[in-house]
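Summary of the model geometry
Chain by chain, the residues:
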Amino acid sequence: MTPITKPRVLIIDDDPQDRGLASVVLSRRFPKAQVQEIDGSQAFARELRRAAFDLVITEMQFSWADGFEILESIREATARIPVVAFTQFRDEEIAVQGMKAGFADFVFKSSKGYLRLPEAAVEALEQAEQELLVARSEPWLGTLLDRANVGAFRTTLDQRLIESTPAVLRLLGVRNVQDALRVRLPEPFFAAEGKEELRERLGNERALQSREVHLQRPDGGNVWLSLTELLLLDVDEEMVIDSLVQDVSHLKKREDAFRSRVEDLERSNADLSEFAYIASHELQEPLRMVEKFGSILAEDFGARLGSEGSELLGFVVDGAHRMQGLIDDLLALSRINSEGQDFEECDSGELVEQAMVNLADRLEENQAKVEVEPLPTIEADVSQLVQLWQNLLSNAVKFRGAEAPHVRIAAEKADKKWVFSVEDNGVGIEPEDAESIFTIFRRLHPDLPGTGIGLTICKRIVDRHGGRIWVEAKPSGGSIFRFTIPMHETEPPPEEVEVIHVDDPVEAKN
């Protein structure tokens, strides 16, 4: 289509002065326009055969025709050429009839009318260009939707089918529109509303809605359809419903399978937690008996057993101690979700202090130094967060290097969450072990005491609080454990308090 910067304009008017003035004002708006002026039936017939114009501007009354006849002739010859009525007859009724008949605009001849004519021409040309683009895209879009098995159809408010694409018939399981009319379609989302209420929906977000519906097809099959409905007015100003429909039965099957799998996993996790809890309790008494009678044997019959027998008995007692620790950790792990407390507002710094008091003897024994920067107020399970800090601090002390343990605890904001860090100067960790270290029973240093559950407990606690935990190796030696806790809108920033330096854990204990 010729760009609107240099349109070909046909002006039809039997008044040469009016034609000339209209040509002048159009040329000012379109300096490169090709304007052709005619005033009779023969010239009009000649130009109609040539159809070499992009826009027609016509008077409404001639001795040989009227504007409606000219519009009809142009529509028959070339349907997409816009026609603007430019007339001296000031009749509002005729103007309304003209716009309904298909005139792009109706402009009355006057000083204001001549000023408005170029803008009416621009609007008419732009509208024609848009209609042409839509017309060109309709076959391509229809083919694309049909190949994607997406149907489009229009219905009246009482669900009478007006038109549809072939894909709709396939989705409904029918061969033709007559059979489709007998299918009971789901009621529109606004079926219960009156016409006045529906008119209030027009032109806003309430006129559009998507949903999934279940349909029983005439062939006995069941299908789930994704339905998108739009309420609008047709060319006759009547309310209709345009809809897009797509078969989502396969997605529903996947969703049902996924939901069933999740339910199975939840039941399995619940069974495992219950098993761990019961098994742990059931194992407590036999272990106590092993430990008790082992101690009696060592005390009363140690001399008879000899050195080798005493050593073997020591292995038995140590094994019982390790098993007791393993059971205690398994119980703690199983209770994180089953016996967790409600979240409450708490001061992270106070939780760290409590964990340090619990570990005071171990920190003192290892001459550990702990630096705590200002920490925020969060919402959490207090007892579990104390356990988390206690496990991470204990981990930093256990895997110490040659120097005395030096731990630094800090927190910072990042994307609506708090990122806490526990940095140590210990033996460090290899990058390939950074993920597996949180796996249950995973022990990187079997020569050191432990059950391999401590970091698993940390991960489970962080997971319950909606965060994540990971570890990073320091190039200079040592590790940095980081974990996140979601930030709540009511949380205040961390207070500007002094950094705590714990060189003498006994003071913290007191």
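So, here is what we can say about the structure in this document. Here the structure is a predicted model, which is why all the values come from computation and not from measurement.

Here's the deal with the sheet that holds strand β7 (residues 161–164)
- Spatially, 5 strands are ordered β7-β6-β10-β9-β8 in an open sheet, and the strand pairing comes out antiparallel. Only two strands of the sheet have a single partner each, and these edge strands are β7 and β8 (208–216). Direction aside, the axes of adjacent strands within the sheet are offset by 30° on average.
- The sheet contact formed by β8 and strand β9 (residues 222–233) spans 9 bridges and is antiparallel. Bridging across to β9, histidine 214 finds its partner in tryptophan 224.

Considering helix α3 (residues 67–77)
- Turning to α3, its buried residues number three or more, namely Gly67, Ile70, Leu71 and Ile74. In a view along the axis of α3, the buried residues occupy a sector of 100°, so they form one face of it.
- With a side-chain oxygen positioned 3.1 Å from the backbone nitrogen of phenylalanine 68, the residue opening α3 is aspartate 66.

A word on the pairing of strand β2 (residues 34–38)
- Relative to β2, strand β1 (residues 8–12) runs parallel, the two being bridged by 5 bridges. Paired with isoleucine 12 across the bridge in β2 is isoleucine 38.
- Where the polypeptide runs from β1 across helix α1 (residues 16–29) and back to β2, its parallel neighbour, the crossover connection is right-handed.

Re the nonpolar core
- In terms of nonpolar packing, the biggest core is built from 42 residues, with Trp389, Ile409 and Phe483 touching the most fellow members.
- Among the elements that make up this core, the one with the highest residue count is helix α12 (residues 382–398) (8 residues).
- Ignoring anything within four residues of it in the chain, the contact list for phenylalanine 483 reads Leu388, Trp389, Leu392, Trp418, Val419, Phe420, Val462, Arg468, Ile469 and Trp470.
- Counting residues in each nonpolar core, the second largest holds 21 residues, with Ile38, Phe62, Val83 and Ala95 among its members.

Quick notes on helix α10 (residues 348–358)
- Turning to α10, its buried residues number three or more, namely Ser348, Gly349, Leu351, Val352, Ala355 and Met356. Viewed along the axis of α10, the buried residues span an arc of 160°, placing them on a single side of the element.
- You can read the cap of α10 off the contacts: a side-chain oxygen lies 2.8 Å from the backbone nitrogen of glycine 349, and it is on aspartate 347.

A closer look at a nonpolar patch on the surface
- A contiguous nonpolar surface patch, about 240 Å² in accessible area, is contributed by Met289, Phe293 and Ile296.
- Examined against the element boundaries, phenylalanine 293 turns out to sit in helix α9 (residues 249–338).

A short note on the environment of leucine 313
- Along the chain, leucine 313 falls in helix α9.
- Not counting chain neighbours up to four residues away, the residues in contact with leucine 313 comprise Gly294, Leu297, Ala298 and Leu305.

A short note on unusual backbone geometry
- Of note, aspartate 415 is a non-glycine position whose phi angle comes to about 50°, a positive value.
- Among the structural elements, aspartate 415 can be located in the loop between β14 (406–413) and β15 (417–423).
- A residue is classified by how much of its surface remains accessible, and aspartate 415, at 71% relative accessible area, is exposed.
- If you check the backbone angles, lysine 416 has positive phi at about 60° while not being a glycine.
- Along the polypeptide, lysine 416 turns up in the loop between β14 and β15.
- Looking at lysine 416, the relative accessible area reads 74%, which means it is exposed.

Notes on the pattern of salt bridges
- On inspection of all chains with the given rule, the structure shows 22 salt bridges.
- In this structure, glutamate 212 and lysine 252 form a salt bridge, with 3.1 Å as the shortest nitrogen-oxygen distance. Linking glutamate 212 in strand β8 with lysine 252 in helix α9, this pair joins segments that are 40 residues apart in sequence.
- When its relative accessible area of 42% is taken as the criterion, glutamate 212 is described as partly exposed.
- Notably, a salt bridge pairs arginine 408 with glutamate 373, separated by 2.5 Å at the nearest N-O pair. Of this pair, arginine 408 sits in strand β14 while glutamate 373 is found in the loop between β12 (369–372) and β13 (377–380), placing the two residues 35 residues apart along the sequence.
- A relative accessible area of 30% means that arginine 408 is categorised as partly exposed.
- Of the residues examined, glutamate 373 reaches a relative accessible area of 28% and is grouped as partly exposed.
- Salt bridges sharing common partners tie together Asp13, Asp18, Glu59 and Lys109.

Concerning the packing of α12 against helix α13 (residues 454–464)
- Running from amino to carboxyl end, α12 crosses α13 at an angle of 145°, the nearest separation of the two axes being 9 Å. Where α12 crosses over α13, the two elements pack in a sense that is left-handed. Residue-level contacts link Gln384, Leu385, Gln387, Leu388, Asn391, Leu392 and Asn395 of α12 to Gly454, Leu455, Ile457, Cys458, Ile461, Val462 and Arg464 of α13.
- Residue classes in the contact of α12 with α13 are distributed as 8 nonpolar, 5 polar and 1 charged.

A closer look at the packing of aromatic side chains
- Taken as a whole and judged by the stated rule, the model has 9 aromatic pairs.
- Measuring from centroid to centroid gives 6.0 Å for phenylalanine 44 and tryptophan 64, while their planes differ by 40°, and the two rings are tilted. Note that phenylalanine 44 is positioned in helix α2 (residues 41–50) and tryptophan 64 in the loop between β3 (55–58) and α3, a separation of 20 residues in sequence.
- The exposure class of tryptophan 64 is partly exposed, given its relative accessible area of 27%.
- On the numbers, 5.7 Å between centres and 80° between planes, the contact of tryptophan 389 with phenylalanine 420 is edge-to-face.

Rules used in this analysis
- Residues numbered from 1 in each chain as written.
- Predicted model: local features only at pLDDT ≥ 70, side-chain atom pairs only at ≥ 80, totals over all residues.
- Heavy atoms only, no water.
- Pairing = 2+ DSSP bridges.
- Helix = DSSP H or I, 4+ residues; strand = E, 2+ residues; numbered from the N terminus.
- Axes fitted to C-alpha atoms, helices over the stretch in contact; angles between N-to-C directions.
- Buried < 20%, exposed > 50% of the residue type's maximum accessible area, 1.4 Å probe, protein only.
- Arc of directions from axis to C-beta.
- Polar contact = N/O pair within 3.5 Å; in protein donor to acceptor, adjacent residues only side chain to side chain.
- Right-handed = clockwise from strand over helix to strand, strands pointing away.
- Core = buried A, V, L, I, M, F, W, Y, C linked by side-chain atoms within 4.5 Å.
- Contact = heavy atoms within 4.5 Å.
- Patch = residues over 30% accessible without salt bridge, like charges linked within 9 Å, V, L, I, M, F, W, Y side chains within 5 Å.
- Areas by Shrake-Rupley, 256 points an atom, 1.4 Å probe, with all protein chains shown as cover.
- Salt bridge = Lys/Arg side-chain N within 4 Å of Asp/Glu carboxyl O.
- Left-handed = near helix turned anticlockwise from the far one by under 90°.
- Nonpolar A, V, L, I, M, F, W, Y, C, P; charged D, E, K, R; others polar.
- Phe/Tyr/Trp six-rings, centres within 6.5 Å; stacked < 30°, edge-to-face > 60°.

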